[in-house]
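Close look at the chain arrangement
The residues making up each chain are set out below.
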Amino acid sequence: MKRNYENMMTEQMKGIEKGARLLLHSCCAPCSSACLERLKEYFSVTVLYYNPNIDEREEYEKRKAEQIRFLKETGWADFLDCDHEAERFLQMSQGMENEPERGARCYRCYALRLEKTAQVAKENGFAYFATTLTLSPYKNAEWLNEIGENVGGMYEVNYLYTDFKKKGGYHRSVELSNEYGLYRQDFCGCKFSKR
């Protein structure tokens, strides 16, 4: 039986002290928009921009600049940058170049980004961590929550269960993207998805 991550998040947030520190992995400003709109009422959020899957440096910097601009305009979260580490994604994906989209390579990419988020959360004293990736209708929320739960246990940091696409989350991200004039890319960022 599938778990309802939206309900799980609602239950988790009932017991959270307002203003608890949460590290939110973000893939891009548009996806972060609707997530932050919900989370800012409960948490003191810091956005972690860690996306080694983005192949082209120019695309990586463009998305990062949009994330920073959005946070400055809204004040909804602080920003924490990471090195690009594109070589880590390429090493991870060796032998999986011909995997279909939403297949094993994507699972490993989710794990790479969520483990880094859990590690940074632990090192910097965050009480919780989560990811914006569950907002996308193209991402597997079951996989993301499974990975988040596992790496949270490894690093002893609370993972916030999410399925941000629920309750109109994806639609709301489109509205906020239009409102703030955010750059919306049409591929995840890796050379395989672009192909």
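This write-up is about the structure you can find in this document.

Conventions adopted
Residues numbered from 1 in each chain as written. Predicted model: local features only at pLDDT ≥ 70, side-chain atom pairs only at ≥ 80, totals over all residues. Heavy atoms only, no water. Helix = DSSP H or I, 4+ residues; strand = E, 2+ residues; numbered from the N terminus. Axes fitted to C-alpha atoms, helices over the stretch in contact; angles between N-to-C directions. Left-handed = near helix turned anticlockwise from the far one by under 90°. Contact = heavy atoms within 4.5 Å. Nonpolar A, V, L, I, M, F, W, Y, C, P; charged D, E, K, R; others polar. Expected span 1.5 Å × (residues − 1). Buried < 20%, exposed > 50% of the residue type's maximum accessible area, 1.4 Å probe, protein only. Arc of directions from axis to C-beta.

1. Examining the environment of glycine 95
- Among the structural elements, glycine 95 can be located in the loop between α4 (86-92) and α5 (104-123).
- Put simply, glycine 95 and arginine 105 are 10 residues apart on the chain and 9.2 Å apart in space, counted from C-alpha to C-alpha.

2. Quick notes on the packing of α5 against helix α6 (residues 141-155)
- One way to put it is that α5 packs onto α6 with a least axis distance of 9 Å and a crossing angle of 35 degrees. As for the relative orientation of α5 and α6, their crossing is right-handed in sense. When α5 is examined against α6, the residues Tyr107, Tyr110, Ala111, Leu114, Glu115, Ala118, Gln119 and Lys122 are found in contact with a partner set consisting of Trp143, Leu144, Glu146, Ile147, Gly148, Val151, Met154 and Tyr155.
- Split by residue class, the contact of α5 with α6 holds 11 nonpolar, two polar and three charged.

3. Observations concerning unusual backbone geometry
- Positive phi, close to 55 degrees, is recorded for glutamate 85, a residue that is not glycine.
- As for its placement among the helices and strands, glutamate 85 is situated in the loop between β3 (78-81) and α4.

4. Concerning helix α7 (residues 169-180)
- If you check α7, its first and last C-alpha atoms are 16 Å apart, about what 12 residues at 1.5 Å a residue would give, namely 16 Å.
- Along α7, the positions that sit buried rather than exposed are Gly169, Ser173, Leu176, Ser177 and Tyr180. Buried residues along α7 cover an arc of 105 degrees about the axis, so they all sit on one side. In α7, those exposed residues whose orientation departs by more than 90 degrees from the buried face are His171, Asn178 and Glu179.
- Glycine 181, located one to two residues past α7, shows a positive phi value of around 65 degrees.

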